[in-house]
Amino acid sequence: MTILDWIDVGKVSAERDDLLSQYFFDNGVLNSVITSPSSFLVLGRKGAGKTAVFKYLSENKNNFINSNDILIPLSFEDYNWNIHSLLVDQNKAESLTYKQSWRFVILIECIKAYREWFNSQRKPIPLKIVKANDLLEKLFESPIPSISKIVGRKLLSLSGFSLPKASLDKDGEDLDSIKIDGGEVSFEEVKQNITLQQHLSENIENLIDYLDKALDEANNWPKIFIGFDRVDEAWDEVSYKTSKLVIAGLVSASDSITFQYKGHIRPIVFLREDIFDVLSLNDANKLREDCGALLHWTKSSLSTLMLRRINYYANKAGIEPIADIDSLFDKREMRQRTKPLNYLLKRTMMRPRDLISI
């Protein structure tokens, strides 16, 4: 059997690699973020492996967080980014304009997660969580749908009526008094109608306040980690300006919620480093230093990553473990007398995705 008969390194696309957990190499970035109560950013270059880290965390949560704690992985491959533009708070600074809509997304996920957790543990569900869940089911449907479905026509329907804050202040005791008769509302209708936008924004603001109150005892419950991956899906020349504001809003909301809940409810945002660098954020450098970790690779860590993958397939083929990558090549030196591994690392600019694909 020749080396070409068995050698493989897995799929380039982490989201399509069903074997990722079998040979994933953790370079420490997840542990660095999760063990720091103030951290919520995983930054890395394009191709650095952020989605691979996100997927591994999603499939192996107990390797990183307490088994009693909750992980909510959210991937935004198919997501209606335009809806956020209708929830802009014009009274806030540009860097905070989309913060409100992301807080809403995060808080809904927390209400759903806590209700499911108490149910799974056969423990009484706190009354505030029950009432908040009932309200969300009345507004959207039962059971509460996924965020990708809520952030669409279901959310737009909130612009068709006024949600009285007084009713919510009663802790949802009188849900029947809340009239939901907005009907179908299109994106274009809301976009062109200031009154509908105001109703939508006011309703979201009142709901955020209500959901925050429902979670005021969260520090006594399991921790929640909410992973955000592929938030740069709409990052292109056409959508650059809007995407920049939407992603800045997510970072601002994550920072706010992490601080408010003292790390007990913790978003974890997987984001390209170059995108973070151009966001309009207050104290961006402080956020990077205090609240983030860089998915960075060295020659040693990349070599270990590749050997994990290669030796997985070597073991399946009954081949002795490979000790170093250079030994796989029939040439001891490449151009300019460079060893094979160094040559590959230089050609791929130390990016795991490019190294795997080559």
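Look above for the structure.
Conventions and cut-offs
- Going along each chain's sequence as written, the residues are numbered from 1 onward.
- Per-residue local features of the predicted model are confined to residues with pLDDT of at least 70, and side-chain atom pairs are confined, for both listing and counting, to 80 or more; whole-chain, interface and lining totals are unaffected and use all residues.
- Neither water nor hydrogens contribute to the side-chain values; these are computed over all heavy atoms in the structure.
- Strands are runs of DSSP state E lasting at least two residues, helices are runs of H or I lasting at least four, and both sets are numbered from the N terminus onward.
- Here the term buried applies to any residue with accessible area under 20% of the maximum for its type, exposed to any over 50%, and partly exposed to those in between, with areas from a 1.4 Å probe on protein chains only.
- The contact rule is simple, with two residues in contact once any of their heavy atoms fall within 4.5 Å.
- Areas reported here follow the Shrake-Rupley algorithm with a probe of radius 1.4 Å; residue values treat only the protein chains shown as occluding.
- Buried Ala, Val, Leu, Ile, Met, Phe, Trp, Tyr and Cys residues form a nonpolar core when they are joined through side-chain atoms within 4.5 Å.
- Orientation is described by axes fitted as lines to C-alpha atoms, over the contacting stretch for helices, and by angles from 0 to 180 degrees between their N-to-C directions.
- For classification, angles of less than 35 degrees are called roughly parallel, those exceeding 145 degrees roughly antiparallel, those between 65 and 115 degrees roughly perpendicular, and all remaining angles oblique.
- Note on convention: the crossing is left-handed when the near helix lies turned anticlockwise from the far helix by less than a right angle, right-handed when the turn is clockwise.
- The nonpolar class holds Ala, Val, Leu, Ile, Met, Phe, Trp, Tyr, Cys and Pro. Asp, Glu, Lys and Arg form the charged class, and all remaining residues, Gly among them, are polar.
- Here, strands pair whenever DSSP counts at least two bridges between them.

Trainee: Any chance you could explain the overall build of the protein chain here in plain terms?
Mentor: Across its full length, the protein chain carries 15 helices and five strands. Along the three orthogonal principal directions, the C-alpha set of the protein chain runs to about 75 × 50 × 35 Å. For the protein chain, buried positions account for 51% of its 358 residues. Considering only contacts within the protein chain whose residues lie at least 6 apart along the sequence, 75% involve residues at least 24 apart. Total accessible area on the protein chain stands at roughly 18000 Å², and carbon and sulfur atoms take up 46% of it.

Trainee: What exactly am I supposed to notice about the nonpolar core here?
Mentor: Grouped burial of nonpolar side chains is what soluble globular proteins tend to show. Core analysis: the biggest nonpolar cluster contains 77 residues, and W102, Y114, L215, F228 and L271 have the highest contact counts within it. Looking at this core element by element, the count peaks at twelve residues for helix 4 (residues 99-120). Setting aside residues no more than four positions away along its own chain, F228 makes contact with F54, L74, F76, W102, I106, L250, P267, I268, V269 and F270. Formed by 43 residues, the second largest nonpolar core is a distinct cluster that contains V9, V33, V42 and A314.

Trainee: Quick question: what am I supposed to make of the packing of helix 4 against helix 9 (residues 194-214) here?
Mentor: Helices that pack against each other are described as a pair by the angle of their axes relative to one another and the distance between those axes. Put simply, helix 4 and helix 9 touch, their axes get as near as 10 Å, and they point 40° apart. The angle between helix 4 and helix 9 falls in the class oblique. Classified by chirality, the crossing of helix 9 by helix 4 is left-handed. Contacts between helix 4 and helix 9 involve Q100, R103, F104, L107, I108 and I111 on the former and, on the latter, S201, I204, E205, L207, I208, L211, D212 and A214. Class assignment for the residues of the contact of helix 4 with helix 9 results in nine nonpolar, two polar and three charged.

Trainee: Before we go on, may I ask you to explain the pairing of strand 4 (residues 265-272) in this structure?
Mentor: If a strand is regular, its side chains alternate between the two faces of the sheet. Among the eight residues in strand 4, eight count as buried, and that is most of the element. Of the two faces of strand 4, the one carrying I265, P267, V269 and L271 and the one carrying R266, I268, F270 and R272 are both buried. As paired elements, strand 1 (residues 41-44) and strand 4 share four bridges and run parallel to each other. In the sheet register, L43 faces strand 4, and the bridge partner there is L271. Judged from the five bridges that link them, strand 3 (residues 224-229) and strand 4 form a sheet pairing that is parallel. From the neighbouring strand, F225 faces strand 4, where its bridge partner is R266.

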